[in-house]
Amino acid sequence: MKSFNIKQFDEKDEEIADALISLGISRNVAMTLAYMQNTKSATSIELKRSARLRQPEVSIAAKQLEELGWIDEREEKRKQGKGRPNKVYSLKVGFKDIIAHLEKQQK
């Protein structure tokens, strides 16, 4: 059996996601941003497991964030086995800049 070391959502992350939702973004995007604010990069698997999202939800949220210019996406070959490469996401802009943009947009 494989084991993964994945940061888990805590109360603080939930509060951040709720604040982002109140600024007008979808739950899936909010959960993705809340997770990524404390990590250098995250795979789609990490996002799925820690943010409690399904794979299609991760893909849709990542696409929306990429269209906004807030994240970069790259593919990383699997270390073992077969299958598609893992998608790895990283924030392109600072989390504070994202919050400032959302607050300005809401006004």
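S.K.: What's the story with the nonpolar core in this structure? I'm lost.
M.R.: As a rule of thumb, nonpolar side chains are buried together in soluble globular proteins. Counting 27 residues, the largest nonpolar core has L20, I25, L33, M36, L47, Y89 and L102 as the members making the most contacts within it. Among the secondary structure elements, those contributing two or more residues to this core are α1 (11-22), α2 (27-36), α4 (55-67) and α5 (95-106). No other element matches α2, which puts seven residues into this core. Aside from chain neighbours lying at most four places away, what touches Y89 is M36, S41, A42, S44, L47, V58, A62, I71, D72 and E73.

S.K.: Before we go on, may I ask you to explain the pairing of strand β3 (residues 86-91) in this structure?
M.R.: For a regular strand, side chains alternate in direction, first toward one face of the sheet and then toward the other. Relative to β3, strand β1 (residues 42-43) runs antiparallel, the two sharing two bridges. Bridging from a neighbouring strand, A42 pairs with Y89 of β3. Here strand β2 (residues 71-76) pairs with β3 via six bridges, running antiparallel. Looking at β3, one finds that E76 is bridged to N86.

S.K.: Before we go on, may I ask you to explain the pattern of salt bridges in this structure?
M.R.: Pairing is possible between side chains of opposite charge, provided their charged atoms come close. A full pass over the atoms with the stated rule returns five salt bridges. For K87, the salt bridge goes to E73, with nearest N and O atoms at 3.3 Å. Pair noted here: K87 is in strand β3 and E73 is in strand β2, with a separation of 14 residues, a long-range link. The exposure class of K87 is partly exposed, given its relative accessible area of 31%. One salt bridge connects R74 with E76, and the closest N-O pair in it is separated by 3.3 Å. Under the relative-accessibility criterion, R74 is labelled partly exposed at 43%. Residue classification places E76 among the partly exposed residues on the basis of a relative accessible area of 30%.

S.K.: Sorry, what's going on with the packing of α2 against α4 here?
M.R.: The geometry of a pair of packed helices is captured by two quantities: the angle between their axes and the separation between those axes. Viewed as axis vectors pointing N to C, α2 and α4 meet at an angle of 80°, and their least axial separation amounts to 9 Å. Between α2 and α4, the crossing angle belongs to the class labelled roughly perpendicular. Mapping the contact onto sequence places N28, V29, T32 and L33 in α2 and E57, A61, Q64 and L65 in α4. For the contact of α2 with α4, the per-class residue count stands at four nonpolar, three polar and one charged.

S.K.: Help me out: how do you make sense of a negative patch on the surface in this one?
M.R.: Negative charge collects at one region of the surface, where D10, E11, E15 and D18 lie side by side. Turning to its location among the elements, E11 is positioned in helix α1. Given a relative accessible area of 65%, E11 falls into the exposed group.

S.K.: I tried to follow α5 on my own but got confused; where do I start?
M.R.: Between its first and last C-alpha atoms α5 spans 17 Å; for 12 residues at 1.5 Å apiece the expected length is 16 Å, and the two agree. Turning to α5, its buried residues number three or more, namely F95, I98 and L102. Here the buried residues of α5 occupy an arc of 60° about the axis, which is enough to place them on one side. Of the residues in α5, the exposed ones pointing more than 90 degrees away from the buried face are K96, D97 and K104. Residues of α5 that are buried sit in contact with α1, α2 and β3.

Here is what the cut-offs are and how they apply
- Residues numbered from 1 in each chain as written.
- Predicted model: local features only at pLDDT ≥ 70, side-chain atom pairs only at ≥ 80, totals over all residues.
- Heavy atoms only, no water.
- Core = buried A, V, L, I, M, F, W, Y, C linked by side-chain atoms within 4.5 Å.
- Buried < 20%, exposed > 50% of the residue type's maximum accessible area, 1.4 Å probe, protein only.
- Helix = DSSP H or I, 4+ residues; strand = E, 2+ residues; numbered from the N terminus.
- Contact = heavy atoms within 4.5 Å.
- Pairing = 2+ DSSP bridges.
- Salt bridge = Lys/Arg side-chain N within 4 Å of Asp/Glu carboxyl O.
- Axes fitted to C-alpha atoms, helices over the stretch in contact; angles between N-to-C directions.
- Parallel < 35°, antiparallel > 145°, perpendicular 65-115°, else oblique.
- Nonpolar A, V, L, I, M, F, W, Y, C, P; charged D, E, K, R; others polar.
- Patch = residues over 30% accessible without salt bridge, like charges linked within 9 Å, V, L, I, M, F, W, Y side chains within 5 Å.
- Areas by Shrake-Rupley, 256 points an atom, 1.4 Å probe, with all protein chains shown as cover.
- Lys, Arg positive; Asp, Glu negative; His and termini not counted.
- Charge placed at Lys NZ, Arg CZ, Asp CG, Glu CD.
- Expected span 1.5 Å × (residues − 1).
- Arc of directions from axis to C-beta.

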